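# Understanding the architecture of this molecule
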Amino acid sequence: MIHFIVPIRHPDTVRDPAHQMVCLRQLFASFDNQTSKRWRAIVVTNEGQVLPDRPDNLVVQTVELPATHHESGSISKTEMYEAIRADKGARIAAAMSHIGPDDQVMIVDDDDLIHRDLVHFVDHHPPERFWYVAEGDFWENGSNRLGKMDDIFQNCGSSLIVPRNCYAMFEEPHLGRDYVINELGSHRLIFDRKPIGSGIWSAIPFRAVIYRVQHSNASLTRFARDTRTGMRAGPFLSRARALARGVRKGLRGDPRGGVGVWPLTAKIRNAFFGKD
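Structure report, in brief. Computed from a predicted structure; not experimentally measured.

Rules used throughout
Residues numbered from 1 in each chain as written. Predicted model: local features only at pLDDT ≥ 70, side-chain atom pairs only at ≥ 80, totals over all residues. Heavy atoms only, no water. Pairing = 2+ DSSP bridges. Helix = DSSP H or I, 4+ residues; strand = E, 2+ residues; numbered from the N terminus. Expected span 1.5 Å × (residues − 1). Buried < 20%, exposed > 50% of the residue type's maximum accessible area, 1.4 Å probe, protein only. Salt bridge = Lys/Arg side-chain N within 4 Å of Asp/Glu carboxyl O. Axes fitted to C-alpha atoms, helices over the stretch in contact; angles between N-to-C directions. Contact = heavy atoms within 4.5 Å.

### What about the sheet that holds strand S11 (residues 209-213)?
Taken in spatial order, the five strands of this open sheet run S5-S11-S7-S8-S12, and their pairing is mixed. Two strands in the sheet have a free side with no partner beyond their single neighbour: strand S5 (113-114) and strand S12 (261-263). Across three bridges, the pairing between strand S8 (residues 145-150) and S12 is antiparallel. The residue bridging Leu146 from the neighbouring strand is Trp262, located in S12.

### Some details on helix H1 (residues 17-32)
Look at H1: 22 Å from first C-alpha to last across 16 residues, which is about the 22 Å you get at 1.5 Å a residue. Listed in full, the buried residues belonging to H1 are His19, Gln20, Cys23, Leu24, Gln26, Leu27, Phe28, Ala29, Ser30 and Phe31.

### Considerations on the pattern of salt bridges
When the charged atoms of two side chains lie near each other, side chains of opposite charge can form a pair. Tallying each qualifying case throughout the model produces 10 salt bridges. Here Arg91 and Asp87 are joined by a salt bridge, their closest N and O atoms 2.9 Å apart. With Arg91 and Asp87 both in helix H2 (residues 77-96), this residue pair falls four residues apart, about one helical turn. For Arg91, a relative accessible area of 0% gives the class buried. Judged by relative accessible area, which is 7%, Asp87 ranks as buried. Across the pair Asp109 and Lys88 runs a salt bridge whose closest N-O atoms are separated by 2.8 Å. In this pair, Asp109 is assigned in the loop between strand S4 (104-107) and S5 and Lys88 in helix H2, connecting sequence segments 21 residues apart. The pair formed by Asp109 and Lys88 is uniform in burial state, with each residue classed as buried.

### Considering the sheet that holds strand S6 (residues 130-133)
Spatially, S3-S2-S1-S4-S9-S6-S10 is the arrangement adopted by the seven strands of the open sheet, whose pairing is mixed. Every other strand in the sheet has two partners, leaving strand S3 (58-63) and strand S10 (201-204) as the edge strands with one partner each. Neighbour-to-neighbour, the strand axes of the sheet open up by a mean angle of 25 degrees, direction not taken into account. Pairing of S4 with strand S9 (residues 160-163), which is carried by two bridges, proceeds in the antiparallel orientation. The residue of S9 that forms the bridge with Gln104 is Pro163. Against the sheet, H1 touches strand S1 (2-7), strand S2 (39-46) and S3, its axis set at about 160 degrees to S2.

Shown next as structure tokens:
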């Protein structure tokens, strides 16, 4: 069985709560739309978090974690991402103890969407397999286009399916709590122990994820657009701004966008958005 873990950050760190609700409603519909019901979702929130209606397979786990970063414009990119990793990792760790040792885990960011056949596909393969989403799509709110993204697992946190016991939290706890939490909080860190070229990973053979970009609660949006930080336009900012420009142009049909685009058809919408 696949367990989806959805870590929801502290309400004080959310810039746009109304938009967060839109994203969560669409994500829950994406779960409920799965053609196989052999899944369970654990949403990890602070007490009092407002949530939309949810499917029967979805449970809520509350935690008492403080707000670890704020949108005051006074923290650096490094400080912000360290705080995000620590908070996200602690929330995921809290959910892990409620998952069976032989089950698989997919960590899903609360603004992404998954293909309706993902659970069915993975469930028809041995549970010890490691999976990654090699190809997926960008999507910007309100757009009627998708942007192709190869190697999406390098950027999107909703892109790995891993046997629960193969995370450092269970397999190598001697590495220490800080390491364990960081690995859970940043999906790419597992590649330090389980390299993508090691032969244990298999690619999902279809476009399994829609990666929502350039919305009001996205961390990349802040550093691509927010000028209050006073940060110099170093390599990170340059890449973020270039990505933002390319995605926006591509999704709006501008051939200078640098990304392959295609329409968000009714068929694709049914595969990802369900009955939202």
